[in-house]
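Residue-level listing of the chains:
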Amino acid sequence: MGFLKKAMKSGIAAKAARVAQREMSKPENQRKAKELLGRFTHRGGSTGTSGAADPGTRR
C-alpha cells in the first residue's frame, strides 16, 4: 500500500512540474515573472540602507 501512495505522489509531482514548465514557457508569464523579480530586487536593494548610517562610515 505504501508503494502505491509513493507512486501516486511521484506522478502528481511530475505532472505539476510539467504544468509549471509549460506555463513558464508562455511569453506573458515570462514578462510577469521578470517584472516581479525586478520589483523584489529593486525593493531589496533600497531597504537595507534607508534611514540608517552606512556601516562603513561609523564614527
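Scroll up a little and you will see the structure.
For clarity, every value in this text was computed on a predicted model and none was experimentally measured.

> Would you mind going over the pattern of salt bridges in detail, with residue names and values included?
Considering all chains together, one arrives at two salt bridges under this definition. The salt bridge involving E23 is made with K26; its shortest N-O contact spans 3.2 Å. With relative accessibility at 31%, the residue K26 sits in the partly exposed group. Residue E35 pairs with R31 through a salt bridge whose shortest N-O separation is 3.4 Å. Within this pair, E35 and its partner R31 are both found in helix 2 (residues 27-47), separated by four residues, close to a single helical turn. Accessibility expressed as a relative area gives 38% for E35, which makes it partly exposed. Taking the relative accessible area as the measure of exposure, R31 reaches 45% and is therefore partly exposed.

Conventions adopted
Residues numbered from 1 in each chain as written. Predicted model: local features only at pLDDT ≥ 70, side-chain atom pairs only at ≥ 80, totals over all residues. Heavy atoms only, no water. Salt bridge = Lys/Arg side-chain N within 4 Å of Asp/Glu carboxyl O. Buried < 20%, exposed > 50% of the residue type's maximum accessible area, 1.4 Å probe, protein only. Helix = DSSP H or I, 4+ residues; strand = E, 2+ residues; numbered from the N terminus.

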